[in-house]
Protein chains: 2
Amino acid sequence: MDLDERKLKVMRAVVEAYIATAQPVGSRTIAKEFQLGVSPATIRNEMADLEGMGLLEQPHTSAGRVPSDRGYRVYVDRIARIARPAKRDLEHVRSHIHRQVSEVDSVLRVSGKILSEMTDCLALMVGPEAGDAILNTIELVPLRSGRVMVLVITEDGLVQSRMVDVPDVPPGELERASRMLNDYFRGMTISQILEGSSLTALRRELRYCARLADVVDGLLKRSAQGEAMDYVIDGAANIMKHPEFRDVARAQRVLEALARRSIVQELLDRFPGGDLAALIGSESASEDMRECSVVSAVYYFGGRPGGRISVVGPRRMDYGRVMGLLKTVTEAVEDVLDDRD
Amino acid sequence: MDLDERKLKVMRAVVEAYIATAQPVGSRTIAKEFQLGVSPATIRNEMADLEGMGLLEQPHTSAGRVPSDRGYRVYVDRIARIARPAKRDLEHVRSHIHRQVSEVDSVLRVSGKILSEMTDCLALMVGPEAGDAILNTIELVPLRSGRVMVLVITEDGLVQSRMVDVPDVPPGELERASRMLNDYFRGMTISQILEGSSLTALRRELRYCARLADVVDGLLKRSAQGEAMDYVIDGAANIMKHPEFRDVARAQRVLEALARRSIVQELLDRFPGGDLAALIGSESASEDMRECSVVSAVYYFGGRPGGRISVVGPRRMDYGRVMGLLKTVTEAVEDVLDDRD
DNA sequence: GTTAGCACTCTAGCGGATAGAGTGCTAAGA
DNA sequence: TCTTAGCACTCTATCCGCTAGAGTGCTAAC
């Protein structure tokens, strides 16, 4: 059986009514609120069909219908439109994401904050992988008491730092080493540095201190994979605003899952190629996230895919609006980071 | 009426039984579980007295007693002892907080993680204020397309960075400026720099770019107050493990409160001088935190008070154990940061 | 000062009854 | 053949009254 025009209209009605009320939707409600030009009985028949196709579900016999994961999927793919954000939302985004806060970290943090506020959902921001980013400088700054601050800075403005103990470095040696390192590596991408045999050169330069070499090495590797999985979450409490999380245990499960790096990693890896997509309920394949949907967008940074900005909320989510907001925010982030204006 | 020996014993019994069971405690339970050598009737009389003194409360006539905020206060001040952590907890701390992760940020993050795991509470970590820290270096690193990465590094290893647009800087000017800045300021504390007239010197040095001067200025100010209120929260979901937060709305209120910088600031400002202290329920004076207690410790960094590590949980909290753990973690953090071993 | 005994109070939990919402089916109508 | 009105049916949520149980405060005896 295929989805004719009217079935799609009924699907839209069910999904949108359910999104609005969080109550199972009955045929009478649809007949009253949506002008389909047919009687409740007809709508009932259509709904029975849609249930047969696995797009709707019935909590119990005498309740209305609720969209299934596959139902939401049909809604997102064939019915919903990415909505142009309301004027005040646009202004909100513009007034908060601007060039003043041009550092990657702050930009992401601010974006998460306003996204979670606007959507009443949880926002999850993943920093850019620096693998394809071009190295600008490696700084070795001597501190008191035999410590050295190692800084790796990319052309795009990513900074990674780590402190390391290297007692007894001959004076001047750090400067020499850092000059050498920079002569060698400046202008290469992090991946190139990591792949090539250049790392052995690094070790040679820093031979008087294996520890320091390890740290530089580690920092490069970390920024390659990247700083990536240093993700930030904002608006965690928002999850609890939604009636599907009236039961604390559910909210707890979600928040605990999102606190685990590996789960988040896996979740985001599941996203298909496109720049803006949604994972609905069990599509995310994590048992703990079954009650949630995730809408996620890739942002570009330095001309390459940078990281991801995602919105996590109940499956019963206004996908059109959230996708619109997410798109707007992503574009704003790109503009700021890439210094367009 | 004063608190004689036996009243204190009854208080201990009520608090500890309530901590263990989360159920109002009756006289019979106390008589059975704690060896006070008196009958339930006597205990009932004592409990009535304690209620009269405002240390116990009765949810309703035929329920047992529950400690009031003032009751917990008496327990913490006069009854509980800071407990030496269990062997496995000690090992847990030692195995996770070690010299490998010597960067302030990571140390705090890790500490928060293990604290929240061990206590089933929420951990709140505040970074060190750098006001009294000694400046090591101000780096101005030119990036592509007229951007400059400004780095402020203190002797203790705090790094603050910000990116700024400064088009059309004459080549060599950045180096000159940074050399000058460092000659001027290296070795001074951030506060000294901010107080003295030195800032005007800064502006003179950077006169060809007001924007850059603003940024350096801003970064210094920010690290003075400090990076301070860039706090990190771990184990937010733990709050929901406790029966007093079975009602989502309560958990939500707490998490929302803790997401607000100003509330957290205010909360922590309320702590008295000591290095390890607790705020119980309404003592924190924030309506949203009424259901919570906060145990907080100052850690020292570079010989001065650095920041705070705090544990937020239900008032019904094992204060002795939490304080012991917090003390242990704080000391471990100090050891790592100050490079004792 | 302590304790046994007892009447009293309040809640949590259970079962039954009821109202209401929504369905599926049938048969009539377009 | 598709649509619709009508109707019997089902299931839940809610209310009510009842009861068991826990814990108290009071009194009187020790």
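Computed from a predicted structure; not experimentally measured. (Residues numbered from 1 in each chain as written. Chains lettered and ligands numbered in written order. Predicted model: local features only at pLDDT ≥ 70, side-chain atom pairs only at ≥ 80, totals over all residues.)

1. A few points about the protein's contact with DNA strand D
The following threshold applies: Whether a residue is near a molecule or strand depends on its C-beta atom, placed from the backbone, lying within 6 Å of it. Elements are defined by DSSP. Helices are runs of H or I of four residues or more, strands are runs of E of two residues or more, and each kind is numbered from the N terminus. In this classification, Asp, Glu, Lys and Arg are treated as charged, Ala, Val, Leu, Ile, Met, Phe, Trp, Tyr, Cys and Pro as nonpolar, and every other residue, Gly included, as polar.
Around DNA strand D sit 20 residues, and of these Val38(A), Thr42(A), Ser62(A), Gly26(B) and Ser62(B) come closest. When contributions to the surface near DNA strand D are tallied by element, the ones reaching two or more residues are helix H3 (40-52) of chain A together with helix H2 (27-33) and helix H3 (40-52) of chain B. Of the residues forming the surface near DNA strand D, the biggest block, 4 residues, is contributed by H3(B). When grouped by side-chain class, the residues that make up the surface near DNA strand D number 6 nonpolar, 11 polar and 3 charged.

2. What about unusual backbone geometry?
Let me state the cut-off plainly: To sort residues by burial, count the other C-beta atoms lying within 10 Å of each one's C-beta; a count of 20 or more means buried, 12 or fewer means exposed, and anything in between means partly exposed. C-beta atoms are built from the backbone.
One non-glycine residue, Asp120(A), lies in positive phi territory at about 55°. Within the fold, Asp120(A) resides in the loop between helix H6 (104-119) and strand E3 (122-126). Using a count of 17 C-beta atoms within 10 Å as the deciding quantity, one classes Asp120(A) as partly exposed. Phi at Ala22(B) takes a positive value of approximately 65°, unusual for a residue other than glycine. As for its position among the elements, Ala22(B) is in the loop between helix H1 (5-21) and H2. Exposure remark for Ala22(B): the 14 C-beta atoms within 10 Å place this residue in the partly exposed category.

3. Digging into the relation of the copies chain A and chain B
Defined as follows: Alignment of copies: least-squares fit on C-alpha atoms of residues with pLDDT of at least 70 in both copies.
If you rotate chain A by 180° and push it 0.0 Å along the axis, it lands on chain B with an RMSD of 0.0 Å. In the structure described here, the two chain copies are related by an operation that fits a two-fold rotation axis. The C-alpha atom lying nearest the rotation axis in chain A is that of Val248(A); the distance is 2.7 Å.

4. Quick word on the domain arrangement of chain A
Going by this rule: As annotated, the domain borders come from an automatic or database domain assignment.
Structurally, chain A comprises domain 1 (5-79), domain 2 (87-127 + 230-337) and domain 3 (135-225). When each unit is reduced to the centre of its C-alpha atoms, the spacing between domain 1 of chain A and domain 3 of chain A is 60 Å.

5. Some thoughts on the interface of chain A and chain B
Here is the rule we go by: Residue pairs qualify as contacts under a 7 Å threshold applied to their C-beta atoms, which are placed from the backbone.
With 33 residues of chain A at the contact, the number on the chain B side is 33 residues. Mapped by element, the contributors of at least two residues to the side of chain A that touches chain B are strand E4 (135-142), strand E5 (147-154), strand E6 (159-165) and helix H11 (248-259) of chain A. For the side of chain A that touches chain B, the element with the highest residue contribution is H11(A), accounting for 6 residues. Class assignment for the residues of the side of chain A that touches chain B results in 15 nonpolar, 7 polar and 11 charged.

6. Quick word on the environment of Ala20(B)
Of note, Ala20(B) is situated in helix H1. Spatially, the C-alpha atom of Ala20(B) lies 8.5 Å from that of Arg316(B), the residues being 296 residues apart in sequence.

7. Structural notes on the sheet that holds E5(A)
All names here are of chain A. Defined as follows: Paired strands, as defined in this entry, are two strands with at least two bridges between them according to DSSP. In this analysis an axis means a line fitted to C-alpha atoms, helices contributing only their contacting stretch, and an angle means the value between N-to-C directions, from 0 to 180 degrees.
With antiparallel pairing, 3 strands are arranged side by side in an open sheet as E4-E5-E6. Single-partner strands in this sheet number two, and they are E4 and E6. Between one strand axis and the next, the sheet turns by 15° as a mean value, whatever way the strands run. In the sheet, E4 pairs with E5 via 7 bridges, with the strands oriented antiparallel.

8. Points about the protein's contact with DNA strand C
Among the 20 residues in the neighbourhood of DNA strand C, the closest are listed as Gly26(A), Ser62(A), Val38(B), Thr42(B) and Ser62(B). Elements supplying a minimum of two residues to the surface near DNA strand C: helix H2 (27-33) and H3 of chain A together with H3 of chain B. For the surface near DNA strand C, the element with the most residues is H3(A), which contributes 4 residues.

9. Notes on the packing of helix H7 (residues 173-185) of chain B against helix H9 (residues 198-205) of chain B
All names here are of chain B. Put simply, the rule is: Note on angle classes: values under 35 degrees are labelled roughly parallel, values over 145 roughly antiparallel, values of 65 to 115 roughly perpendicular, and the remainder oblique. Crossing handedness: left-handed means the near helix sits turned counterclockwise from the far one by under a right angle, and right-handed means the same turn made clockwise.
At a minimum axis distance of 10 Å, the contact between H7 and H9 shows a crossing angle of 165°. The angle between H7 and H9 places the two elements in the roughly antiparallel class. In this structure, H7 crosses over H9, and the sense of that crossing is right-handed. From H7, Ala177, Met180, Leu181, Tyr184 and Phe185 reach across to H9, where they touch Ser198, Ala201, Leu202 and Glu205. Considering only residue class, the contact of H7 with H9 consists of 7 nonpolar, 1 polar and 1 charged.

10. With respect to the sheet that holds strand E7 (residues 231-234) of chain B
Residue and element names in this part refer to chain B. The 5 strands are arranged E7-E3-E10-E9-E8 in an open sheet whose pairing can be described as antiparallel. Looking at which strands have only one partner, the edges of the open sheet turn out to be E7 and strand E8 (276-280). Put simply, the sheet's adjacent strands are angled 20° from each other on average, direction ignored. Looking at chain direction, strand E3 (residues 122-126) and E7 are connected through 4 bridges and run antiparallel. Across the sheet, residue leucine 124 finds its bridge partner in E7, namely isoleucine 233. Against the sheet, helix H13 (residues 319-337) contacts E8, strand E9 (292-301) and strand E10 (304-314), and its axis sits at roughly 25° relative to E9.

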